[in-house]
Amino acid sequence: LIGWILILSPAVERSTAGMSQLRDVRAEQAMSPIEHALPDWWTVDQLLRDLTADQAGLPVSVLVDFSGVASGLLRFRDLQRVPPERSAEVRLRELTRIRRDRLLLALRDTPLDQLAQQLSAHGGVAIVVDDAQRPLGLIASGELARAVQLAKLGLRNDPTSGRSAG
């Protein structure tokens, strides 16, 4: 038991120190911008017809309803569950495992340390939204790790320019 405590204590301290560095970082500064949200009313067939290679390489995409509000997250591996003969009738909203009621939505100015604590309870992904709940970007473990590393260097991520700012 004492051995486990000695092994785990430094990891917990590093994790706590990393989270404290995120206190001054806002969600908008750490997010990966969303290039294209997918209409949740589309069928699998419509998506596959219009899907680009870049979109297919993304692990997750945001779904939006008719008003442009975030309605779910679609993991592209979920498309494989649909038999080809049903792809013209199955809607994307039917495939989402993380629906509107379980989405973690964060306004642009949400402190990243607060958001990081909530991620695991919401599928590990947060959607950064504007005041009308329209999606702007995504935050997952990769974005958190990048934000911690940048904060340790005294830098901030600027998602609009693609560069880090000091």
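See the structure printed just above.
All chains use their own residue numbering, which begins from 1 and follows the written sequence. Residues qualify for local features only when their pLDDT is at least 70, as the model is predicted, and side-chain atom pairs are given and counted only at 80 or more; totals for whole chains, interfaces and linings, by contrast, use all residues. Water and hydrogen atoms play no part in the side-chain values, which are based on all heavy atoms of the structure.

Enquirer: How do you make sense of the overall build of the chain when you look at a structure like this?
Expert: Per the secondary structure count, the chain includes seven helices and ten strands. Counting across all 166 residues of the chain, residues that qualify as buried make up 39%. Whether two residues are in contact is decided by their heavy atoms: any pair within 4.5 Å suffices. Here the analysis covers contacts within the chain between residues at least 6 apart in sequence; of these, 61% occur between residues at least 24 apart. With the model as given, the accessible surface of the chain reaches about 9,900 Å², and the carbon-plus-sulfur share is 53%. Numbering of helices and strands runs from the N terminus; a helix is a DSSP stretch of H or I covering at least four residues, while a strand is a stretch of E covering at least two. Here's how the labels work: a residue is buried when its accessible area is under 20% of the maximum for its type, exposed when over 50%, partly exposed in between, all with a 1.4 Å probe on protein chains only. For every accessible area listed, the method is Shrake-Rupley and the probe measures 1.4 Å; residues are considered covered only by the protein chains on display.

Enquirer: Teacher, can you tell me more about helix α7 (residues 141-152) here?
Expert: A rise of 1.5 Å per residue sets the reference length of α7, with its twelve residues, at 16 Å; its end C-alpha atoms lie 17 Å apart and thus fit the reference within 8%. Buried within α7 we find Glu143, Leu144, Ala147, Val148 and Leu150. Buried residues of α7 fall within an arc of 165° about the axis and therefore sit on the same side. Structural note: α7 exposes Ser141, Gln149 and Lys152 on the side pointing more than 90 degrees away from its buried face. Downstream of α7 by a residue or two, Gly154 has a phi angle that is positive, lying close to 80°. What a helix is expected to span follows from its residue count: subtract one and scale by 1.5 Å. Picture the helix axis, draw a direction to every C-beta atom, and the arc is the one those directions span.

Enquirer: Can you walk me through the side chain of Glu143 in this structure?
Expert: Looking at the element boundaries, Glu143 is found in helix α7. Here Glu143 sits buried without a salt bridge, and the closest side chain of opposite charge, Arg146, lies 4.9 Å off (N-O distance). We define a polar contact as two N or O atoms separated by no more than 3.5 Å, with the added condition that, inside protein, one atom must be a possible hydrogen donor and the other a possible acceptor, whereas residues neighbouring each other in sequence contribute only through side-chain atom pairs. A polar side-chain atom of Glu143 sits 2.8 Å from the main-chain amide nitrogen of Ala140. With near-sequence residues (within four places) excluded, Glu143 lies in contact with Ala30, Met31, Ser32 and Leu138. Positive: Lys, Arg. Negative: Asp, Glu. His and the chain ends are not part of the count. Whenever Lys or Arg places a side-chain nitrogen within 4 Å of a carboxyl oxygen from Asp or Glu, that contact is recorded as a salt bridge.

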